[in-house]
Structure formats: C-alpha cells, structure tokens
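So the chains spell out like this:
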Amino acid sequence: MSEDRMIKVEEVASVEAPPKARVEDVESAPEKLERKRDYLEGFLAAKPAEVAPGAVGGDLYEAVVNALKDIYDPEIPVNIYDLGLIYNVEIDEGHVLVTMTLTTPHCPVAESMPAEVELRVGAVPGVGDAEVNLVWDPPWSPENMSDEARLELGML
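A brief structural summary. (Residues numbered from 1 in each chain as written. Predicted model: local features only at pLDDT ≥ 70, side-chain atom pairs only at ≥ 80, totals over all residues. Heavy atoms only, no water.)

1. Re the pairing of strand S1 (residues 86-92)
Relative to strand S2 (residues 95-100), S1 is paired through 6 bridges, and the arrangement is antiparallel. By the bridge assignment, Ile86 is partnered in S2 with Met100. A loop of 2 residues connects S1 with S2, the two strands running antiparallel in sequence, and Glu93 in this loop sits at a positive phi of about 50°. (Pairing = 2+ DSSP bridges. Helix = DSSP H or I, 4+ residues; strand = E, 2+ residues; numbered from the N terminus.)

Structure (structure tokens):
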C-alpha cells in the first residue's frame with residue numbers, strides 16, 4: 001500500500017473541553033416577559049397604494065372585467081374572459097377599449113359578439129363609451145384559456 005492511502009490511528013488519553021458560550025443577561029425580567037414585536041405587524045397594517053379606478057386592479061377595471069365574465073360563448077359553456085378571447089382592456093377617462101378575438105374567423109357570432117361586448121361594457125357604471133377592437137393576430141388557441149375554463153371543459 002502506498003503511504004497516502006494508509007490509515008493512521010492516534011490514541012489520546014483525554015480531550016480538552018470546548019469553551020462554553022457566554023450569554024450576557026442584557027434584558028431585565030419584565031422585558032423578557034413582554035411579547036416581542038411581530039415582524040409582520042407593520043406589513044399587515046400597511047394600506048395598499050391607491051390604484052386609479054381605470055388601472056388594473058382598480059374598481060372600474062374590475063367592474064369591466066366582471067361584465068366581460070358575464071358574456072358566454074354560445075357554443076362553449078365558458079365566459080369569453082376565461083376563454084381567453086379578451087386580449088386587452090384599456091380605460092382612459094371613462095372610455096374603454098376592449099381588444100378581443102374569436103375562436104375562429106368563421107365563428108357564427110362573429111357579427112354579434114363584438115356588439116354584445118360593447119353593449120355590456122358600456123352599461124358598466126362609470127364607463128362613458130365602449131369600443132371593441134376585433135383582431136385575428138395573434139390567433140386564439142386553447143392555451144389562452146384560464147385554468148378555470150380548462151377545468152370546466154375537462155382539459156385539466
């Protein structure tokens with residue numbers, strides 16, 4: 001055997017004990033008993049920043065999205081928002097522009113669906129006028145659907 005592979009054993013009679021950690025008592029008894037401040041206390045007490053009504057997360061934006069979720073595709077039992085037909089919602093001083101598509105250009109509701117979206121969004125309190133921009137690019141695909149829609153259709 002070579003020397004670098006040899007195991008050496010050393011016998012010792014005793015080993016010096018490692019030094020003990022010292023803890024200084026800097027707190028008095030009442031301070032020890034008092035509950036420590038919760039690190040989440042400040043975070044949970046903070047109010048969220050104000051969101052403009054028309055911005056994502058704002059009241060008007062959420063009301064428009066809820067109106068879109070009330071519109072169902074006549075052939076598929078899922079609302080058009082969860083189906084992924086709504087590409088964008090822009091709100092500017094009460095004017096709402098909805099960019100959307102349909103599952104196919106040959107969809108039987110291609111003529112009526114944009115008008116229904118415009119009517120429903122225009123009926124939301126706080127919306128002055130609504131406009132629908134129907135686009136075909138990018139084309140709709142099942143990947144646009146929300147998990148809820150996939151679950152409803154048995155695709156999950």
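2. Side note on the pattern of salt bridges
Scanning all chains against the criterion turns up 1 salt bridge. A salt bridge links Arg120 to Glu116, with the nearest nitrogen and oxygen atoms 3.3 Å apart. Within this pair, Arg120 and its partner Glu116 are both found in helix H4 (residues 113-122), separated by 4 residues, close to a single helical turn. (Salt bridge = Lys/Arg side-chain N within 4 Å of Asp/Glu carboxyl O.)

3. Examining unusual backbone geometry
In this model, Asp137 is joined to Pro138 through a cis peptide bond whose omega is 5°. Position of Pro138 relative to the elements: it lies in the loop between strand S3 (129-134) and helix H5 (147-152). Positive phi, normally seen in glycine, also occurs at Glu93, with a value near 50°. In this fold, Glu93 is placed in the loop between S1 and S2.

4. What about the nonpolar core?
Judged by nonpolar contacts, the single largest core of 30 residues is most densely connected at Val64, Leu68 and Val117. Sorting the residues of this core by element identifies helix H3 (59-68), S1, S2, H4 and S3 as the ones contributing at least two each. Of all the elements, H3 adds the most residues to this core, at 6 residues. Apart from the residues lying within four places of it in its own chain, the contact partners of Val64 are Val89, Ile91, Val96, Val121, Val124 and Val127. (Core = buried A, V, L, I, M, F, W, Y, C linked by side-chain atoms within 4.5 Å. Buried < 20%, exposed > 50% of the residue type's maximum accessible area, 1.4 Å probe, protein only. Contact = heavy atoms within 4.5 Å.)

5. Details of the sheet that holds S2
The strand order S1-S2-S3 describes an open sheet built from 3 strands, whose pairing is mixed. Of all strands in the sheet, those with a lone pairing partner are S1 and S3, marking the two edges. Mean inter-strand twist for the sheet, computed between neighbouring axes without regard to direction, equals 15°. Bridge count between S2 and S3: 6 bridges; the pairing is parallel. Paired with Val96 across the two strands is Ala130, which belongs to S3. Across the sheet, H3 lies against S1 and S2, angled at about 145° from S1, the strand it touches most. The strands touched by H4 are S2 and S3; relative to S3, the strand with the most contacts, the crossing angle is about 155°. (Axes fitted to C-alpha atoms, helices over the stretch in contact; angles between N-to-C directions.)

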